[in-house]
Amino acid sequence: MATGGCLCGAVRYEVRGPLRDVLICHCTECRRWSGHLFAATAAARADFHVVGERGLRWIARAESDTGARRGFCCECGTSLFWDSPDRDTVSIAAGSLDPPTGLRVMGHVYVGQAGDYYDAPLG
Ligand SMILES: [Zn+2]
Ligand SMILES: [Zn+2]
């Protein structure tokens, strides 16, 4: 079982199933939300359990073309989750996992929207 949480510990979660390898998203929303890019693993919704949710807040953007909401810790600001109603998985910030994760980076997406201050890898 994988576990993880935010910087301050006010949000903790467990994944009772396999994790996808890590996708790095350079899209405009992830860039602004995370401050640079969002590296995410993913788990089946049924395997994902928030076990400490004191600090958990969800925000949704009407402009999001996926209708996704994003979860973060309102006590320390850690960016944690991306959840789209169209998917049966929840994306989880890879950096919030407790090591060892056993995961690898599998690719980069939305590199065309990457910040103009660095050279994003090809998708
Ligand atoms: Zn926190
Ligand atoms: Zn993104």
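The model shown is predicted, which means the values in this text are computed figures rather than measured ones.

Caption draft 1: Layout of the layout of surface pockets. Approximately 450 Å³ is the volume found for the largest pocket. Taken together, 20 residues make up the lining of the largest pocket; nearest its centre are C25, C27, C30, W82 and Y110. Elements supplying a minimum of two residues to the lining of the largest pocket: β3 (22-25), α1 (28-34) and β4 (38-44). Counting residues per element, the lining of the largest pocket draws most heavily on α1, at 3 residues. Residues that form the lining of the largest pocket fall into these classes: 9 nonpolar, 5 polar and 6 charged.

Caption draft 2: View of the sheet that holds strand β2 (residues 11-15). An order of β1-β2-β5 is seen for the 3 strands of this open sheet, with the pairing classed as antiparallel. With partners counted over all chains shown, the strands left at the sheet margins are β1 (2-5) and β5 (48-53), one partner each. The mean angle between the axes of side-by-side strands here comes to 20 degrees, regardless of whether they run parallel or antiparallel. In the sheet, β2 pairs with β5 via 5 bridges, with the strands oriented antiparallel. Looking across to β5, one finds that E14 is bridged to H49.

Conventions and cut-offs
- The residue numbers shown here count from 1 along each chain, following its written sequence.
- Chains carry letters from A onward and ligands carry numbers from 1 onward, assigned in written order.
- Reporting of local features is limited, given that this is a predicted model, to residues whose pLDDT is at least 70; pairs of side-chain atoms are given and counted only at 80 or more, and all residues count toward the totals for whole chains, interfaces and linings.
- The basis for every side-chain value is the complete set of non-hydrogen atoms in the structure, without hydrogens or water.
- A cavity here means a set of points on a 1 Å grid, drawn over the protein atoms and nothing else, where a 1.4 Å probe fits but cannot get out; a pocket is an open set with protein on both sides within 12 Å along at least five of seven lines, and a residue lines either one if it has an atom within 4 Å of a point.
- Grid points are joined across faces, edges and corners, and a volume is the space filled by probe spheres set on the points.
- Put simply, DSSP marks the helices as runs of H or I at least four residues long and the strands as runs of E at least two long, and each gets a number from the N terminus on.
- Under the scheme applied here, ten amino acids are nonpolar (Ala, Val, Leu, Ile, Met, Phe, Trp, Tyr, Cys and Pro), four are charged (Asp, Glu, Lys and Arg), and all others, including Gly, are polar.
- In this scheme, strands are said to pair when DSSP sees at least two bridges between them.
- Note on definitions: angles span 0 to 180 degrees between N-to-C directions of axes, and those axes are lines fitted to C-alpha atoms, for helices only across the stretch in contact.

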